[in-house]
Amino acid sequence: MQIPQRQETGGGTAVNSDKRAPGPQDALAYAENIIATLREPFVVLDKSLRVRTANAAFYRDFHVSKEETEGRFVYELGDGQWDIPRLRTLLVQVQSNSHPVEDFEVEHTFPAIGRRNMLLNARRFPSESNNPELVLLAIEDKTDHRRAEAAMKNSEVRYRRLFQTAKDGILILDADKGKVIDANPFMTALLGYTHDEFLGKELWEIGLFRDIKESQAAYRELQEKGYVRYEDMPLETTSGHKVEVEFVSNVYKENGHKVVQCNIRDITERLKVERALAKVLGYADDIIATLREPFVVLDGDLRVKTANRSFYDSFHVSKEETENCFVYDLGNGQWDIPGLRTLLDEVLSHNQSVHDFEVEHSFPSLGRKTMLLNARPFPPDSEHPELILLAVEDVSALRERADELAEASRHKDEFLATLAHELRNPLAPIRNAVQYLGMDSLKESDVRTARDVIDRQVKVMVRLTDDLLDVSRITRNQLELRKQRVDLARVVESAVESSLPLIQQCGHELTVSLPPEPIHLDADPIRLAQVFSNLLNNAAKYTKLRGHIWLTAERQGSDALVSVRDNGIGIPGDMLSRIFDMFTQVDRSLERSQSGLGIGLTLVRRLVEMHDGSIEARSNGSGEGSEFLVRVPVFIQVFHEPPKSDRPKAAALSECRILVVDDNKDSADSMAMLLRLKGNDIRTAHDGLEAVEAAESFRPELVLLDIGLPKLNGFEVARRIRQQPWSRDVILVALTGWGQDDDRRRSKEAGFNFHIVKPVELAVLERLLAEPQPKSV
Ligand code: ADP
């Protein structure tokens, strides 16, 4: 060993390379320097085990000073903290043995620095001497090292345990060879191979890939990316059981050697649950899609998650511009409705459902809408709802309908007032005339005047009730037409005939122009005549006295066109389309000069429509006269009219045996009186049984039979009469207050020839009887 020389320099020492021979002091200093430089604690003890010297590392590591250490007996150091049995054993061993003691491990807890693991190396000096002077003790602090080792061991155990108990299958492969080098028990259970059967196999051999090619492709990808993942890989176990797995694999280094770890998770159950969930969600989506009312699902941030077709259709928006859109931004902010904000705030902040919240809003493209909103948070009992389910019911039409109904009801009330007024009007003159007739010594002309008054007023009442009946049938869709081939001219003539008295009474001039050629229609002649007569009556009513009325009928292509025009009071423009509505009158005041219920034109329009035609009102306004244009299709097939002589004539109702049956004695007697005046032979009866007996003994040619009779009703009376052989040619006429189709049907079944609604006019009776017999009702 080359020992550097030690040189005295004042009080200090220096080491140089002087060629002077080294002395023992130099060697000592040299040794002390070595000790001082050591990073490990080092102590030199004398033979009595007192500390001769220790290095800075010792003082630092064991938190002691030079002063309290040097010269002290080792076991007394730091209040005896070095009095460690293992140290005693070591020192005894060193002192008694010339061999050094190496890596002697001591574990000891020091008051100041805690538990320490120390590796002690000790030797005596001089080593060969039997009486060594010194003991050199090097202390290596292995505490951190030991801890790291223990941690490592723990972690290895932990990871192994994880590997063993993992609920995922884990395979470890040699990255270069691609063969399995380890498999955990779960893998064994999953695929049905034993641990050893896995070893040395490639992935495709244990069914993880369909074939070697697929396996190699996956392996290449893994090599390139260091990671592969397959979300759903179908597998078959050794027992043929099908499972679905998620496969994740990555490469890492283990002790410098590349390995592949494959994690295989059995997701069969999870997929089952997911599929069931998807089915349930699909079911919910289907329900939403099927709903007829618009439906929106919003997320917690009020963005549209989904909406149904009805929503898109009702609010004219597309799926694309709706989904994921903030609800208040929808359709350029058209859903930014204060009412909706209130509702959604309520749902979100109080987590409460809201029912039938009515919101009215004007949408730019849809106009004003009234909506009923129903909203509920989902999940229902969570503090922060994830979704808001919102059903939007458009009740605008309902509200409008309700308004219309209210309006209709108002009209009806007005109508009832008008009706009462109209029915009372004719009663006063009738009562006056009756009182007048009761006076003594009346002149023939006075009686005629009174009778005319009664006749006119009764006609007014009959017309009113007829219209009422018709209108009631129309509203219940029970009005039936008896269509036949008719010549328009005949229908017009009949209408003129019935309206003429009123027209003449008002002093109007009537100009009728009919086409030179017949125009044939497929029509109900009575109903169509009613249409024209109604228009003529209106023209007469709404034209000042001595006005002018024109009726023109002509053919226009495939239509027949009938115009009824007057130079009367005219119709304001805004009323032109409305006058056809039920109960509508331009002047509703009860003081107005003209009678009427405001149902005539409703009836007219409906009847025209039932003839596949149309009607239009024209007027240049108040005081400018009016025109009503009726258009009905002509009957195209050529119709051979029977020779004129065959046409029914009014029968002369005279010299006939007639039985009049009515439980209202006045009705029966007044009819009997009229018929007797015409030269007929009359009997009367006032109940059903009496009627049957009278018929039997009197053998009438004509029976005017009321239906509602005591003892036996009119249908039954008719049936009994019809059972008699002599009754074959008897004409049975039902006289009733009921003109419904069902009543007519029952009359026909009972054997009646005619069904006439009371009060009956002689002229009508004569016209009916003139038609060929037998006649259906
Ligand atoms: P009514 O005559 O019983 O009031 P209508 O339904 O026949 O009922 O007619 C409805 C309304 O139409 C009448 O009240 C009247 O105001 C108006 N109107 C009908 N015909 C004419 C007409 N020729 N000229 C002027 N106004 C008419």
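Since the structure is predicted, the reported quantities are computational estimates derived from the model, not experimental observations. (Residues numbered from 1 in each chain as written. Predicted model: local features only at pLDDT ≥ 70, side-chain atom pairs only at ≥ 80, totals over all residues. Heavy atoms only, no water.)

(A) Main features of the environment of alanine 718. Within the secondary structure, alanine 718 sits in helix H20 (residues 714-723). It is 8.6 Å that separates the C-alpha atoms of alanine 718 and serine 747, two residues lying 29 residues apart in sequence. (Helix = DSSP H or I, 4+ residues; strand = E, 2+ residues; numbered from the N terminus.)

(B) Up close: the confidence of the model for the protein. The predicted model of the protein averages 85 in pLDDT, with 92% of residues at 70 or higher. Confidence over residues 637-650 falls short of pLDDT 50; this stretch has 11 contacts with residues more than four positions distant or in other chains. (pLDDT = per-residue confidence, 0-100. Contact = heavy atoms within 4.5 Å.)

(C) Quick peek at the sheet that holds strand E22 (residues 559-566). A sheet is described by the order of its strands in space; here 5 strands give the open sequence E19-E21-E22-E24-E23, paired in mixed fashion. Across the chains shown, the open sheet's two edge strands, defined by having one partner strand only, are strand E19 (509-513) and strand E23 (614-619). This sheet shows a mean twist of 15° between the axes of neighbouring strands, independent of strand direction. Sheet topology places strand E21 (residues 548-556) next to E22; 8 bridges connect them, and they run antiparallel. Counted as the bridge partner of glutamate 554 is leucine 561 from E22. Contacts between helix H15 (residues 488-505) and the sheet are confined to E19, E21 and E22, with E19 contributing the most and set at about 180° to the helix. (Pairing = 2+ DSSP bridges. Axes fitted to C-alpha atoms, helices over the stretch in contact; angles between N-to-C directions.)

(D) The arrangement of the packing of helix H19 (residues 688-698) against H20 in detail. Contact pair H19 / H20: the axes reach a minimum separation of 9 Å and the direction vectors enclose 20°. In terms of axis orientation, H19 runs roughly parallel to H20. By crossing handedness, the relation of H19 to H20 is classed as right-handed. For the pair H19 and H20, the contacting residues are Gly688, Leu689, Ala691, Val692 and Ala695 in the first and Val717, Arg720 and Ile721 in the second. In terms of residue class, the contact of H19 with H20 is built from 6 nonpolar, 1 polar and 1 charged. (Parallel < 35°, antiparallel > 145°, perpendicular 65-115°, else oblique. Left-handed = near helix turned anticlockwise from the far one by under 90°. Nonpolar A, V, L, I, M, F, W, Y, C, P; charged D, E, K, R; others polar.)

(E) Main features of the site of the ligand. Taken together, 20 residues sit near the ligand, with Asn538, Tyr542, Gln585, Leu597 and Leu601 positioned nearest. Interatomic distance of 2.5 Å between a side-chain N/O atom of glutamine 585 and an oxygen atom of the ligand. A distance of 2.7 Å separates an oxygen atom of the ligand from a polar atom in the backbone of leucine 601. Taken by itself the ligand offers 530 Å² of open surface, and the protein chains cover 97% of this. Of all the secondary-structure elements, those providing two or more residues to the shell around the ligand are helix H16 (525-541), helix H17 (600-610) and strand E24 (626-633). A total of 3 residues in the shell around the ligand trace back to one element, the largest contributor, which is H16. Looking at the shell around the ligand, its residues break down into 10 nonpolar, 8 polar and 2 charged. (Near = heavy atom within 4 Å. Polar contact = N/O pair within 3.5 Å; in protein donor to acceptor, adjacent residues only side chain to side chain. Areas by Shrake-Rupley, 256 points an atom, 1.4 Å probe, with all protein chains shown as cover.)

(F) Expanded view of the nonpolar core. Counting 50 residues, the largest nonpolar core has Leu488, Leu521, Phe532, Leu535 and Phe628 as the members making the most contacts within it. Counting residues per element, this core draws most heavily on H16, which supplies 8 residues. With residues near it in sequence (within four places) discarded, phenylalanine 628 still touches Leu535, Val562, Ser563, Val564, Ile571, Ile579, Phe580, Leu601, Ile615, Glu616 and Ala617. Listed in part, the 29 residues of the second largest apolar core include Phe58, Phe62, Val94 and Val106. (Core = buried A, V, L, I, M, F, W, Y, C linked by side-chain atoms within 4.5 Å. Buried < 20%, exposed > 50% of the residue type's maximum accessible area, 1.4 Å probe, protein only.)

(G) Up close: the pairing of E24. The element E24 is extensively covered by neighbouring structure, given that 6 of its 8 residues are classed as buried. Note: E22 against E24, 8 bridges, orientation antiparallel. When the sheet's bridge partners are listed, alanine 560 is paired in E24 with valine 632. Relative to E24, E23 is paired through 6 bridges, and the arrangement is antiparallel. If you follow serine 619 over to E24, its bridge partner there is serine 626. The hairpin formed by E23 and E24 contains 6 residues between the paired strands, and glycine 621 there has a positive phi angle of roughly 115°.

(H) Highlighting the sheet that holds strand E8 (residues 169-174). Read from one edge to the other, the open sheet built from 5 strands follows the order E9-E8-E12-E11-E10, with strand pairing classed as antiparallel. In this open sheet, the two edge strands, each paired with only one partner strand, are strand E9 (179-183) and strand E10 (227-236). Across this sheet, the average inter-strand angle for adjacent strands is 30°, counted without regard to direction. One ladder, built from 4 bridges, connects E8 with E9; its direction is antiparallel. Looking at E9, one finds that leucine 171 is bridged to alanine 183. Sitting on the sheet, helix H9 (residues 268-290) touches E10, strand E11 (242-254) and strand E12 (257-266), and the angle it makes with E11 is about 125°.

(I) Region of interest: unusual backbone geometry. Backbone torsion omega between phenylalanine 125 and proline 126 reads -15°, so that peptide bond is classified as cis. With respect to the helices, strands and loops of the structure, proline 126 is situated in the loop between strand E6 (114-125) and strand E7 (134-141). In this structure, the amide linkage connecting phenylalanine 378 to the following residue, proline 379, adopts the cis form with an omega of 0°. Looking at the element boundaries, proline 379 is found in the loop between strand E16 (367-378) and strand E17 (387-394). Of note, aspartate 356 is a non-glycine position whose phi angle comes to about 45°, a positive value. Summarising the element assignment, aspartate 356 is placed in strand E15 (residues 354-363). Residue class for aspartate 356 comes out partly exposed when judged on its relative accessible area of 49%. Phi at aspartate 612 takes a positive value of approximately 60°, unusual for a residue other than glycine. One can find aspartate 612 in the loop between H17 and E23.

(J) Spotlight on the pattern of salt bridges. A complete count under the given rule lists 43 salt bridges for this structure. Of the charged contacts in the structure, one is a salt bridge between arginine 719 and glutamate 716, with a shortest N-O distance of 2.9 Å. Of this pair, arginine 719 and glutamate 716 both sit in helix H20, 3 residues apart, which is roughly one turn of the helix. Notably, a salt bridge pairs glutamate 749 with arginine 745, separated by 2.9 Å at the nearest N-O pair. Taken as a pair, glutamate 749 and arginine 745 lie in helix H21 (residues 741-750) at a separation of 4 residues, close to a single helical turn. The exposure class of arginine 745 is partly exposed, given its relative accessible area of 40%. (Salt bridge = Lys/Arg side-chain N within 4 Å of Asp/Glu carboxyl O.)

(K) Highlighting the packing of helix H14 (residues 444-475) against H16. One way to put it is that H14 packs onto H16 with a least axis distance of 14 Å and a crossing angle of 125°. Considering the angle they form, H14 stands oblique to H16. Considering how the two elements wind past one another, H14 and H16 form a crossing that is left-handed. Judged by residue contacts, Arg463, Asp467, Asp470 and Arg473 of H14 engage Arg527, Gln530 and Asn537 from H16. Split into classes, the residues belonging to the contact of H14 with H16 amount to no nonpolar, 2 polar and 5 charged.

(L) Region of the structure containing H19. Looking only at H19, the buried set comprises Gly688, Ala691, Ala694, Ala695 and Phe698. Seen end-on, H19 carries its buried residues on one side only, within an arc spanning 120°. Opposite the buried face of H19, at more than 90 degrees from it, the exposed residues are Glu693 and Ser697. Packed against the buried residues of H19 are strand E25 (657-661), strand E26 (681-685) and H20. Structurally, the start of H19 carries an N-cap: the backbone nitrogen of leucine 689 is 3.0 Å from a side-chain oxygen of aspartate 687. Two residues or fewer past H19, arginine 699 is found with a positive phi of approximately 50°. (Arc of directions from axis to C-beta.)

(M) Region of interest: H20. All of the buried residues in H20 are Gly714, Phe715, Val717, Ala718 and Ile721. Across the axial projection of H20, the buried residues extend over an arc of 160°, all falling on one side. Put simply, asparagine 713 is the residue that caps the front of H20, since its side-chain oxygen is 3.0 Å from the backbone nitrogen of phenylalanine 715.

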